[in-house]
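Summary of the model geometry
Each chain, letter by letter, is given below.
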Amino acid sequence: MDEFERHGIAVVEGRDAAARALRSPELTSDPGAGSPSVLLRDGEGHTRVRGVLREIIGRLEPFPDSVRAEIEAAVGALGTSFDLVGDFARPVAGLVTAAVLGVPLDDVFLEHLERTTANLDVFGGVDRAAQASAFRLSVQLSRAPAEPGSGLAALRAAHAEGRLDDDELAINPVVLAHAAYENSLNFLASAGLTLASEAETRGVRELAAEICPARYVLRFGSEGPVAISLADGLPFGLGRHACPGSGVALAEAEIALRALSEVLSGGCRVEDVRWKTHPVFRGLASARVVVSV
Ligand code: HEM
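First, a word on what this report is: a plain description of the structure on this page. (Residues numbered from 1 in each chain as written. Predicted model: local features only at pLDDT ≥ 70, side-chain atom pairs only at ≥ 80, totals over all residues. Heavy atoms only, no water.)

**Observations regarding the overall build of the chain**
Under the convention used in this document: Numbering of helices and strands runs from the N terminus, with a helix taken as a DSSP run of H or I at least four residues long and a strand as a DSSP run of E at least two residues long. C-alpha atoms define the radius of gyration in this analysis, and the globule rule sets the expected value at 2.2 Å times the number of residues to the power 0.38. Relative accessibility under 20% of the residue-type maximum defines a buried residue, over 50% an exposed one, and the middle range a partly exposed one, all with a 1.4 Å probe and only protein chains included. Any two residues whose heavy atoms approach within 4.5 Å at even a single point are treated as in contact. Neither His nor the chain ends is counted toward charge; the positive residues are Lys and Arg and the negative residues Asp and Glu. We put the charge of a Lys on NZ, of an Arg on CZ, of an Asp on CG and of a Glu on CD.
From N to C terminus, the chain includes eleven helices and six strands. Taken over C-alpha atoms, the radius of gyration comes to 19 Å for the chain, in line with the 19 Å a tight globule of 293 residues would show. By its C-alpha atoms, the chain is 55 × 45 × 35 Å across when sized along the principal axes. Out of the 293 residues in the chain, the part that is buried amounts to 47%. Expressed as a percentage of contacts within the chain between residues at least 6 apart in sequence, the contacts between residues at least 24 apart total 69%. Charge separation in the chain, taken as the distance between the mean sites of 28 positive and 40 negative side-chain charges, equals 1 Å.

Rendered as structure tokens:
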């Protein structure tokens, strides 16, 4: 892949080679900057932080009826002309992200979350604007009131119990919000486009593998960085960092796409399809759906 090769990054492609690389003890997710983010470390620290996040995500399994009803209401209220990203995928992914943390998230929060894409390495990364967005959200979440029983309250309780240190508590609420939001946003919009443009229907698992919104994950070995392609049937990754939210992601997509198919049941046309250009995260920038009346 040009984008990576230009930066001297080796690429691993094909399902078997990717699976081996994802499970290899020789390759680490830690770029060496001492990041407290669950995504950018390995070893004891990773296992401990991941355990806390997994407990929080587990509160949405099985998927809560109240969030299901909110998704169905939001999608059911779409008019006869709407944007698949702004009007469909964004509200759905936003509702689920808010449910994961247990705090309401407004559009400004979601806009900053989208700007942080792939730049949550606020301790070692180089994209200053994206880091500023991540810091802003980190400060905002650190000040947000946490309802008892919410994901945010659980993160703070884990800190009080010594399971998370100060830096881990500062950044991982944003990492969790971003993980829950960005790939779901891209998946929902692309799957919505498939639904609106193709007669043939398929299940959400199949769609996730086909769309594969996170095209690559980055690892570091003795020879330097390695980009591992997930495009050959590994949309949720594999190994130590495999997506702990895949069950939530599939449940949310199932509900949202079923509601969307009802909105589109009388037929529709799609206009102005535009794609984002990010080398790792594949997603629609916008696509207008006009429902037949
Ligand atoms: C279609 C939607 C989604 C896709 C395609 C996706 C994909 C992925 C992938 C490929 C990884 C592995 C990253 C790596 O190996 O470096 C990952 C990690 C992660 N995902 Fe997801 N994800 C989705 C939705 C979600 C949701 C809804 C949540 C939370 C409810 C979530 C939470 C996480 C977390 C916390 C991690 C970090 C795990 C770790 O580093 O140990 N994801 N996701």
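**A short note on the coordination of the iron atom of the ligand**
Our working rule: We call an atom a donor if it is N, O or S and sits within 2.8 Å of the metal, or 3.2 Å for Na, K and Ca. Water is not counted, so some sites may look partial.
From the protein, the iron atom of the ligand takes a single donor atom, Cys243 (SG), 2.3 Å away. Here Cys243 is to be found in the loop between β4 (224-229) and α11 (246-263).

**Structural notes on the nonpolar core**
As a rule of thumb, nonpolar side chains are buried together in soluble globular proteins. Rules: Here the nonpolar core consists of buried residues drawn from Ala, Val, Leu, Ile, Met, Phe, Trp, Tyr and Cys, with membership extended through side-chain atoms lying within 4.5 Å.
Counting residues in hydrophobic clusters, the biggest one holds 68 residues, and the most contacted among them are Ile71, Val75, Phe82, Leu84, Phe88 and Leu260. Per-element tally for this core: the top contributor is helix α9 (residues 166-197), with 14 residues. With sequence-adjacent residues up to four places away left out, Phe82 is seen in contact with Asp87, Leu260, Val263, Leu264, Ala287, Arg288, Val289 and Val291.

**Things to note about the pairing of strand β6 (residues 284-291)**
How we decide: Here, a strand pair is defined by DSSP locating no fewer than two bridges between the strands.
Here β6 lies mainly inside the structure; six of its eight residues are buried. As defined by bridge partners, strand β2 (residues 81-83) adjoins β6 across three bridges and the pair is classed as antiparallel. Paired with Phe82 across the two strands is Val289, which belongs to β6. Note: strand β5 (residues 268-275) against β6, six bridges, orientation antiparallel. Within β6, the position partnered with Arg269 by the bridge is Val290.

**Concerning the layout of surface pockets**
Empty space among the atoms can be located by rolling a probe the size of a water molecule over them. Our working definition: Using a 1 Å grid laid over the protein atoms alone, points where a 1.4 Å probe fits but cannot get out form a cavity; open sets with protein on both sides within 12 Å along at least 5 of 7 lines form a pocket; any residue with an atom within 4 Å of a point counts as lining. Grid points are joined across faces, edges and corners, and a volume is the space filled by probe spheres set on the points. Note on residue classes: Ala, Val, Leu, Ile, Met, Phe, Trp, Tyr, Cys and Pro are nonpolar, Asp, Glu, Lys and Arg are charged, and everything else, Gly too, is polar.
There is about 200 Å³ of room inside the second largest pocket. Around the second largest pocket, the lining is made up of 13 residues, and of these Leu195, Arg202, Leu207, Leu257 and Arg258 lie nearest the centre. Listed by contribution, the elements that provide at least two residues to the lining of the second largest pocket are α9, α10 (204-211) and α11. By residue number, the principal contributor to the lining of the second largest pocket is α11, which donates four residues. Split into classes, the residues belonging to the lining of the second largest pocket amount to five nonpolar, four polar and four charged.

**Description of unusual backbone geometry**
With an omega dihedral of -5°, the bond running from Glu61 to Pro62 counts as a cis peptide bond. Despite not being glycine, Cys212 has its phi angle at roughly 45°, a positive value. Within the secondary structure, Cys212 is located in the loop between α10 and β3 (216-221). Despite not being glycine, Asp272 has its phi angle at roughly 50°, a positive value. Within the secondary structure, Asp272 sits in strand β5. Take Asp272: its relative accessible area is 59%, and that puts it in the exposed class.

**Some details on the side chain of His241**
How we decide: Here a polar contact means two N or O atoms within 3.5 Å. Within protein one must be a hydrogen donor candidate and the other an acceptor candidate, and residues neighboring in sequence count only if both atoms are side-chain atoms.
In this fold, His241 is placed in the loop between β4 and α11. The class for His241 is buried, based on a relative accessible area of 14%. In terms of polar contacts, His241 uses its side chain to reach the side chain of His46, at 3.2 Å. Once you skip the residues sitting within four places of it in the chain, His241 turns out to touch Ser29, Val38, Leu39, Arg41, Asp42, His46, Arg50 and Arg219.

**Thoughts on the site of the ligand**
Using the following cut-off: Residue proximity to a molecule or strand is established when one non-hydrogen atom of the residue lies within 4 Å of it.
Lining the immediate environment of the ligand, one finds 24 residues, of which His46, Arg50, Arg219, His241 and Cys243 sit closest. Arg219 places a side-chain nitrogen or oxygen 2.7 Å from an oxygen atom of the ligand. One nitrogen or oxygen atom from the side chain of His241 is found 2.7 Å from an oxygen atom belonging to the ligand. Of all the secondary-structure elements, those providing two or more residues to the shell around the ligand are α3 (43-58), α9 and β3. The dominant element in the shell around the ligand, judged by the number of residues it contributes, is α9, at five residues.

**A short note on helix α6 (residues 107-115)**
Stated formally: Regarding the arc, it is the one traced by the directions from the helix axis to the C-beta atoms.
For α6, the complete set of buried residues consists of Phe109, Leu110, His112 and Leu113. The buried residues of α6 occupy one face: seen down the axis, they fall within an arc of 160°. Summarising the contacts, the buried residues of α6 are in contact with α5 (84-101), α7 (128-143) and α9.

Note that every value here comes from positions in space, so none of it alone points to a role or purpose.
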